[in-house]
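# Per-entry structural report
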Amino acid sequence: MSQSKINSSGIDIKTVYTGGNGEMPGQFPFTRGVKPDMYRGRLWTMRQYAGFSTAEASNERYHYLLNQGTTGLSVAFDLPTQIGYDSSHAMSEGEVGKVGVAIDSLADMEILFKGIQLQDVTTSMTINATASTLLAMYVALAKKQGADLSKIGGTIQNDILKEYAARGTYIYPVRPSMRIITDIFEWCSKELPKWNTISISGYHIREAGSTAVQELAFTLANGKAYVEAALEKGLNIDVFGKRLSFFFNAHNDVFEEIAKFRAARRIWANIMKDLGATQPEAMMLRFHTQTGGSTLTAQQPENNIVRVAIQAMAAVLGGTQSLHTNGFDEALSLPTEKAARIALRTQQIIAQESGITHTVDPLAGSYYVEELTNELEKQALSLIQNIEQMGGAVSAVEKGWIQEEIARSAYLAQRQIENKDQIVVGVNAYQMKEEDPQPTFRIDDSIRTQQMNKINQVKASRNNAEVEKSLAHLKEAALGSSNLMPHILNCVENYATLGEIADVLRGVFGEYQGV
């Protein structure tokens, strides 16, 4: 039961205030939040997105963040890992360990979480094209730790449609990728019941230049496409629907962002109801938020601390379940330890000192916020209707329509900055001569050599006959219609590398060619 809250003036703060239409949080269509008491009952999960260099270096950062008060881990993988190349592959040169941690086999995953019991933490992994393999590695490690898989919690992003539209770390064509995703849905519903099987992501759509309305519409249209694909596979919407999650951006326009989150919950609840969901938990839009990376400036980087705080408050006022706050130096490099600590402290100050967590949806009933919520919903539904007329999100992506719409918005936004119709402090106004360069965090290119040595050691110590057999079974399953996850897990447990597994699937499915 949540504790009572009293402010500095001695006023007792109610858990929820009502008025207007009398809609309550925790009730369909969840405009006001997915839980009746929201943060009075439990704060959002405070995550810090981290991963760089080797598994050893990232493990050290994870222990530091856990000691500083993070309540969940969030793993960043390097580009070769994201697109299915081992660190030894020629395409990996210059990129190993640069924007995330390099994971080539189960041996790396074992090091990454050394000293961390997976049953005791929740882990979010930003991984898409190779999500099935990284999830299999996580499960294999949990099994080695003796964990109860029914208690393992976390999220894989696993949202390939936005990769084609906005981010670019895809491997296979759209239709086979959708098959892999629904295989994960099916397998996790039986083996990992607490795992969030997808984080349908508007974050990268916004980072690519979309408007808030487009982020809302394209994300929910993608979500609908995943649900329809799962239904076609014969899965129960009231089962897999409870494990769907979303990932949104938070930009600087506080009220637009709050209204976006409120509208998102309402639209999704109605989409799921229309698709046949009957359980309230299957209609709830639960989401993680990350503050806007594209809003960070290399000029006067300390200003980003303020931007991040504004964006984080918008996410909390909008009812997020999980939050990552960017480091102020991330326009320059990976975040330093100091920047990561300040970002985490930002969340902790909002949670413990601001008072905005004392009551649910405190801006409900505001003429401005309610009107903005309604207008964002109206405009987003109009865009979703356009996508439906094209045959749904998969067709809209294959035709390049979503990509084109995002590119147009990005161009217009950049023109506004260049014409000073949109002020960016320190960039096109209030400039100053920069002081001494900000200390940055750099990754040495020798990391690739270290990873290549690890791969050689793994291949020398594993049972290569078993590896070949497991890869052959995976190929056979990919050519047929069997669920791929048990075969990928078998490959991983035999210490097949990420690249070997991806190459088998490339051989069967081919590679996506951009529109």
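Presented here is an overview of the structure given in this document. (Residues numbered from 1 in each chain as written. Predicted model: local features only at pLDDT ≥ 70, side-chain atom pairs only at ≥ 80, totals over all residues. Heavy atoms only, no water.)

Moving on: the pairing of strand E9 (residues 244–250). Most of E9 sits inside the fold, with seven of its seven residues counted as buried. Residue alternation in E9 divides its side chains into two sets, Leu 244, Phe 246, Phe 248 and Ala 250 and Ser 245, Phe 247 and Asn 249, and both sets are buried. Here strand E8 (residues 198–201) runs beside E9; their pairing, made up of four bridges, is parallel. Among the inter-strand pairings, Ile 200 is bridged to a residue of E9, identified as Phe 246. Summarising the sheet, E9 and strand E10 (residues 287–291) pair through five bridges and their orientation is parallel. (Buried < 20%, exposed > 50% of the residue type's maximum accessible area, 1.4 Å probe, protein only. Helix = DSSP H or I, 4+ residues; strand = E, 2+ residues; numbered from the N terminus. Pairing = 2+ DSSP bridges.)

The two faces of the sheet receive side chains in turn, since in a regular strand these alternate between them. Counting buried residues in E10 gives five out of five residues, a clear majority hidden from the surface. Both faces of E10 are covered, namely the face carrying Phe 287, Thr 289 and Thr 291 and the face carrying His 288 and Gln 290. One ladder, built from three bridges, connects E10 with strand E11 (residues 322–324); its direction is parallel. Across the sheet, residue His 288 finds its bridge partner in E11, namely Ser 322.

The subject of this paragraph is the packing of helix H8 (residues 212–232) against helix H14 (residues 367–389). Running from amino to carboxyl end, H8 crosses H14 at an angle of 50°, the nearest separation of the two axes being 8 Å. Here H8 is positioned oblique relative to H14, judged by the angle of their axes. H8 and H14 meet at a crossing whose hand is right-handed. Seen from H8, the contacting residues are Val 213, Gln 214, Leu 216, Ala 217, Phe 218, Leu 220, Ala 221 and Lys 224; seen from H14, they are Leu 376, Gln 379, Ala 380, Leu 383, Ile 384, Ile 387 and Glu 388. Class assignment of the residues belonging to the contact of H8 with H14 gives a composition of 11 nonpolar, two polar and two charged. (Axes fitted to C-alpha atoms, helices over the stretch in contact; angles between N-to-C directions. Parallel < 35°, antiparallel > 145°, perpendicular 65-115°, else oblique. Left-handed = near helix turned anticlockwise from the far one by under 90°. Contact = heavy atoms within 4.5 Å. Nonpolar A, V, L, I, M, F, W, Y, C, P; charged D, E, K, R; others polar.)

Worth remembering: the numbers are spatial, not functional.
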